[in-house]
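Observations on chain architecture
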Amino acid sequence: MPPKSVPLPAKPYKPYFFYGHRKPSQNRPVVYGGLFSNRQVLKPPQSPLPPSPPFDLRKWDPHHLSQNPSPPPIPTPHQHSKLSPIARFIIDAFRKSQYTWGPSVVFELNKLRRVTASLVAEVLKVQDDPILASKFFHWAGKQKGFKHNFASYNALAYCLNRNGRFRVADQLPELMDSQGKPPTEKQFEILIRMHADKNRGQRVYYVYQKMKNFGIKPRVFLYNRIMDALVKTGYLDLALSVYEDFRGDGLVEESITFMILIKGLCKAGKVDEMLEVLGRMREMFCKPDVFAYTAMIKILVSKGNLDGCLRVWEEMRRDGVEPDVMAYVTLVAGLCKGGRVQRGYELFKEMKKKGILIERVTYGVLIEGFVKDGKVGSACGLLKDLIDSGYRADLGIYNPLIEGMCGVKLIDRAYKLFQVTVQEGLEPGFATVKPMLLAFAEMRRMSDFCKLLEQMQKLGFSVNDDLSKFFSFVVEKGERTIMAVRVFNELKVKGYGSVLIYNILMGALHKTGKVKQALSLFQEMKDLNFEPDSSTYSNAIICYVEDENMKDACICHNKIIEMSCVPSIDAYYSLTNGLCKIGEIDAAMMLVRDCLGNVTNGPMEFKYALTVLHACKSGAEKVMEVLNEMMQEGLPPDNIICSAIISGMCKYRTIEEARKVFANLRTRKLLTEANVIIYDELLIEYMEKKAADLVLSGLKFFGLESKLKAGGSTLLSR
């Protein structure tokens, strides 16, 4: 019996894509099934980051971040997962060289046996460095047997435009032509679309002109795109010239071609030309529909051209186009806002007659228009119609009605409407009560005024804040300032008052020339133990300077400094000007420097004052050049500038140089004879003071004070 053969173990077959899935790797996706398989990308395992140590403030080095800057973010593999392996190899070569073109990149790229145009396009589609992309594009073009195709040129154009190099992208047609690949309409369309998306109308026209130079005629679609981009960016004349080329090429307009031109002409207010294009549109059997007419009306309404809107409306009727609710609402709103509420109301009645559903917004626009037109009765009739139609009025409707009733002295009815808003839970705000407060104040019904304030407080209003808004509104008209003060005098007895209200009234009284009353309010405020803020002291500084009380003005300035605050620019200017008038030039120049060092945008007079001080080092000619520059800026020399001339010339030059500048200003009639005399006296007095200060400093330096005092001199006691 022959020996039994031992069966050999089955030889495991080497798996490949037909029999099963191969071993996955980062760059080789898993393949399941047979010839037709689903590709899945294997994500590389991510190692967990080590836990960061707890932050210790004692060991923190403030220079650590500047010495160890964080590296630039490296693109993760899944960002380029759709690329081919060779494209990923090229991207990795760029990454290894830190995205700079050099010998290391060229060395890696030379490892490739063959580079195709589709591969170049694939790489450029994901490249965000325009310089590196251009270098790679140029390197690929020099490879043996390589020729760029339209896809690679287009990818370069997209890459350049995506990274803000659109002017370079516009030169690609010349590059294509020089490399034996004349551009087609598609390349120009890409450039035009890029510029149109970014609203670069002039670049669109530039590419269009280049397209004509290459002898390429655009299709109707591209012509429409060019004209639309030019119209949207405000270049209507260029769009009309392109339209002339369109007609010269023998192309037939589409409805969108006409609408582009019509919208542009409406935006420019050229209604007659628009109607001519509309007539041409009818001849081509492209009659506009209701949406096109509504678009025309909307553009004309936005430009305030109501006559043009009504002409378009008549053309729509002439074409037999039935307006829809949007067309009606657009025109009614435009007419009401433009002051033609009666014509808008006629269209409103036409809508009701046709049974068109009218929205609450339309009622609100009409009511507001009637109130502005002084027809409060008609507005109330519309409110009744609104409620009968099943709508609830909102604050946008009640507020104009309350304001209109207060305007015609129907304050009690306005108050009833206010009560209705409260009952309906509409949560009225300051805009609702402001007209009633003003009406009560004008009619001197202060008991009702206070009653309304009490109700506001119950409703959760911030009464002091709203009173501040009220007084700010009242004093906008200077003639109502006295009424505001009278109202406040009655309110403060009842405990209503704040620092902000005092500041508002002080500023208003100063503007109307009532400086004494403003200062009395300031004193009253301190007597009532209100703590003044920097705005209060700034207003007081201005008033004290105008009252020629420089001592108290300086005290207020010091109070602001003690509060670690900064005076207002007007206070700085007023105090500086006042110090210059009384000859305290050094203190004034110190304030000039202090102001420019503390505020963001100080007065131009202060900036030129420092410039004049610096120019005094070079003499009178340089100072006059600065003054000429000031005159060109519309700033004649004032007290501060002349004081800067005195200070600078006494410090760096002579009295004669300063007199030369003042004489020049007198010759040019920028200073009167009286002012020249005053400034000459200030100049002599300032120079004597500086000389005396210099002598005193010398005596103190040499220790001669005791001898002078022993001799009975009072020189050092000044």
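Just so it is clear, the model here is predicted, and its values are computed rather than measured.

The rules behind the values
- Residues numbered from 1 in each chain as written.
- Predicted model: local features only at pLDDT ≥ 70, side-chain atom pairs only at ≥ 80, totals over all residues.
- Heavy atoms only, no water.
- Helix = DSSP H or I, 4+ residues; strand = E, 2+ residues; numbered from the N terminus.
- Contact = heavy atoms within 4.5 Å.
- Areas by Shrake-Rupley, 256 points an atom, 1.4 Å probe, with all protein chains shown as cover.
- UniProt positions renumbered as here; feature names shortened; annotations may be inferred.
- 1 Å grid on protein atoms, 1.4 Å probe; cavity = no way out; pocket = protein on both sides within 12 Å on 5 of 7 lines; lining within 4 Å.
- Points joined across faces, edges and corners; volume = space filled by probe spheres on them.
- Nonpolar A, V, L, I, M, F, W, Y, C, P; charged D, E, K, R; others polar.
- Salt bridge = Lys/Arg side-chain N within 4 Å of Asp/Glu carboxyl O.
- Buried < 20%, exposed > 50% of the residue type's maximum accessible area, 1.4 Å probe, protein only.
- pLDDT = per-residue confidence, 0-100.
- Expected span 1.5 Å × (residues − 1).
- Patch = residues over 30% accessible without salt bridge, like charges linked within 9 Å, V, L, I, M, F, W, Y side chains within 5 Å.
- Lys, Arg positive; Asp, Glu negative; His and termini not counted.
- Charge placed at Lys NZ, Arg CZ, Asp CG, Glu CD.
- Core = buried A, V, L, I, M, F, W, Y, C linked by side-chain atoms within 4.5 Å.
- Axes fitted to C-alpha atoms, helices over the stretch in contact; angles between N-to-C directions.
- Parallel < 35°, antiparallel > 145°, perpendicular 65-115°, else oblique.
- Left-handed = near helix turned anticlockwise from the far one by under 90°.
- Phe/Tyr/Trp six-rings, centres within 6.5 Å; stacked < 30°, edge-to-face > 60°.

When helices and strands are tallied, the protein shows 38 helices and two strands. Across the protein, contacts joining residues at least 24 apart in sequence account for 59% of those joining residues at least 6 apart. When the accessible surface of the protein is summed, it comes to about 41000 Å², and 54% of that surface belongs to carbon and sulfur atoms.

Turning to the UniProt feature "repeat: PPR" (unreviewed entry) in the protein, a few remarks are in order. The UniProt entry lists residues 149-183, 219-253, 254-288, 289-323, 324-358, 359-393, 394-428 and 498-532 under the feature "repeat: PPR" (unreviewed entry), expressed in the numbering used here. In the segment residues 254-288, helix accounts for 74% and strand for 0%; the C-alpha atoms at its two ends are 11 Å apart. Note that residues 359-393 is 74% helix and 0% strand, and that its end C-alpha atoms are spaced 11 Å apart.

Here the focus is the layout of surface pockets. Left-over empty space is what a probe sized like a water molecule reveals as it rolls over the atoms. For the second largest pocket, the calculated volume is near 330 Å³. Asn 503, Gly 507, Ala 508, Lys 511 and Asn 539 are the residues nearest the centre of the second largest pocket, which is lined by 15 residues in total. For the lining of the second largest pocket, the element with the most residues is helix H27 (residues 499-511), which contributes six residues. Looking at the lining of the second largest pocket residue by residue, the classes come out as five nonpolar, eight polar and two charged.

What follows deals with the pattern of salt bridges. In this structure the tally under the stated criterion is 39 salt bridges. Its salt-bridge partner being Asp 448, residue Arg 445 comes within 2.8 Å of it at the nearest N-O pair. Residue Asp 448 is classed as partly exposed on the basis of its relative accessible area, which comes to 23%. Ionic pairing is found between Glu 524 and Lys 492, a salt bridge with its closest N-O pair at 2.4 Å. Of this pair, Glu 524 sits in helix H28 (residues 515-527) while Lys 492 sits in the loop between helix H26 (481-491) and H27, placing them 32 residues apart in sequence.

Let us look at the confidence of the model for the protein. A residue-level look at the protein finds 85% of positions with pLDDT of 70 or above and a mean pLDDT of 84. Within the model, pLDDT remains below 50 along residues 8-21, and this stretch shows 13 contacts once partners closer than five positions in the same chain are excluded. pLDDT under 50 marks residues 30-45. Its contacts with residues more than four places away, or in other chains, come to 28 contacts.

A few words now on helix H13 (residues 255-267). For an α-helix, the turn length of 3.6 residues means that residues three or four places apart are oriented alike. Counted at 1.5 Å a residue, the expected span for H13 with its 13 residues is 18 Å, and the 18 Å between its end C-alpha atoms agrees. Taken residue by residue, H13 has Thr 257, Phe 258, Met 259, Ile 260, Leu 261, Ile 262, Gly 264, Leu 265 and Cys 266 as its buried positions. Those residues of H13 that are buried are in contact with helix H11 (220-232), helix H12 (236-248), helix H14 (271-283) and helix H15 (290-302). A positive phi of about 75 degrees marks Gly 269, the residue just after H13.

Side chains of Glu 584, Glu 681, Glu 685 and Glu 688 sit close together on the surface and give a patch of like negative charge. Tracing the backbone through its elements, the reader meets Glu 681 in helix H37 (residues 673-701). The class of Glu 681 is exposed, set by a relative accessible area of 51%.

In terms of nonpolar packing, the biggest core is built from 217 residues, with Met 436, Phe 449, Phe 471 and Leu 491 touching the most fellow members. If sequence neighbours within four positions are ignored, Leu 491 has contacts with Met 446, Phe 449, Cys 450, Leu 453, Leu 467, Phe 471 and Tyr 496.

Let us now look at the packing of helix H32 (residues 585-598) against helix H33 (residues 604-615). Between H32 and H33, the least distance of the axes is 10 Å, while the angle of their chain directions is 120 degrees. Taken together, H32 and H33 sit at an angle that is classed as oblique. Considering the relative orientation of H32 and H33, their crossing is left-handed. Every residue of H33 that contacts H32 at Met 589, Val 592, Arg 593, Cys 595 and Leu 596 is listed here: Phe 606, Lys 607, Leu 610 and Leu 613. Its residues assigned to classes, the contact of H32 with H33 shows seven nonpolar, no polar and two charged.

A positive phi angle, near 60 degrees, is found at Asn 199, a position not held by glycine. Within the fold, Asn 199 resides in the loop between helix H9 (185-197) and helix H10 (201-213). Since its relative accessible area comes to 55%, Asn 199 is described here as exposed. If you check the backbone angles, Lys 669 has positive phi at about 60 degrees while not being a glycine.

Before going further, it helps to examine the side chain of Asn 399. Assignment of secondary structure puts Asn 399 in helix H21 (residues 395-407). When neighbours within four sequence positions are excluded, Asn 399 is seen to be in contact with Ala 431 and Thr 432.

In this structure, Asp 177 sits in helix H8 (residues 172-178). Ignoring sequence-local partners within four residues, the contact set of Asp 177 consists of Pro 182, Pro 183 and Phe 214.

Following the criterion strictly, the structure yields 23 aromatic pairs and no others. Look at Tyr 345 and Phe 348: their rings are 5.8 Å apart centre to centre, the planes differ by 20 degrees, and that puts the pair in the stacked class. Of the two residues, Tyr 345 and Phe 348 are both situated in helix H18 (residues 341-354); the distance of three residues between them amounts to about one turn of the helix. A relative accessible area of 24% places Tyr 345 in the partly exposed class. For Phe 348, a relative accessible area of 1% translates into the label buried. Arranged with centres 5.5 Å apart and planes meeting at 10 degrees, the rings of Phe 662 and Tyr 679 form a pair that is stacked. Of this pair, Phe 662 sits in helix H36 (residues 655-667) while Tyr 679 sits in helix H37; the two residues are 17 residues apart in sequence, bridging distant segments of the chain. Judged by relative accessible area, Phe 662 falls into the buried class, the value being 2%. Judged by its relative accessible area of 7%, Tyr 679 falls in the buried class.

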